[in-house]
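These are the residues of each chain, in order.
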Amino acid sequence: MEQHIKILGTLHIVFGSLGILLALAMLLLFGGIAGLIGTSGYSGDSNAAIPPHVLLGGIGALIFFVLLVLSLPGLIAGIGLLQFQPWARVLTIVLSVLYLIHVPFGTALGVYGLWALLSQDSERLFRRA
């Protein structure tokens, strides 16, 4: 069971890291488009309350923060699982339940996480640590 916990921790680190990379990519994409629009001199509708480049930059920042908030707990849980921290087991069980709705990879990770972490062997591993 110890090997399953290590694999689960590694998977959480990989998925969390991919989420953070996606967040950075969205920030760069929307920021780049906003920068291009801002430097091109296009102001859109002169009666608009918010200029288009500011709106795109704000949307990019919002997407960045949402993806970051969704990805960081998985990364933190994965690091904790590799160290067999008891709080990481609880956090990963909660995340596994939430991952069940993310078809197909999240569902597989959620089912695997629940199977591995709710067994009596893993409970003993975390109690021993």
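Here the structure is a predicted model, which means the values were calculated and not measured.

Caption draft 1: Spatial organisation of the environment of Gly41. Mapping Gly41 onto the fold places it in the loop between α1 (2-40) and α2 (52-82). According to the relative accessible area criterion, Gly41 is exposed, its value standing at 62%. Spatially, the C-alpha atom of Gly41 lies 28 Å from that of Ala23, the residues being 18 residues apart in sequence.

Caption draft 2: Main features of the pattern of salt bridges. Counted under the stated rule, the structure contains three salt bridges. We note a salt bridge from Asp121 to Arg124, for which the minimum N-O separation is 3.2 Å. Here the residue Asp121 and the residue Arg124 both occupy positions in helix α5 (residues 120-128), the gap between them amounting to three residues, near one helical turn.

Caption draft 3: Region of the structure containing the side chain of Ser96. Looking at the secondary structure, you find Ser96 in helix α3 (residues 86-99). By relative accessible area, Ser96 is classed as buried at 0%. In this structure Ser96 touches His12, Leu109, Gly110, Gly113 and Leu114, once residues within four positions along its chain are discounted.

Each value, and the rule that gives it
Residues numbered from 1 in each chain as written. Predicted model: local features only at pLDDT ≥ 70, side-chain atom pairs only at ≥ 80, totals over all residues. Heavy atoms only, no water. Helix = DSSP H or I, 4+ residues; strand = E, 2+ residues; numbered from the N terminus. Buried < 20%, exposed > 50% of the residue type's maximum accessible area, 1.4 Å probe, protein only. Salt bridge = Lys/Arg side-chain N within 4 Å of Asp/Glu carboxyl O. Contact = heavy atoms within 4.5 Å.

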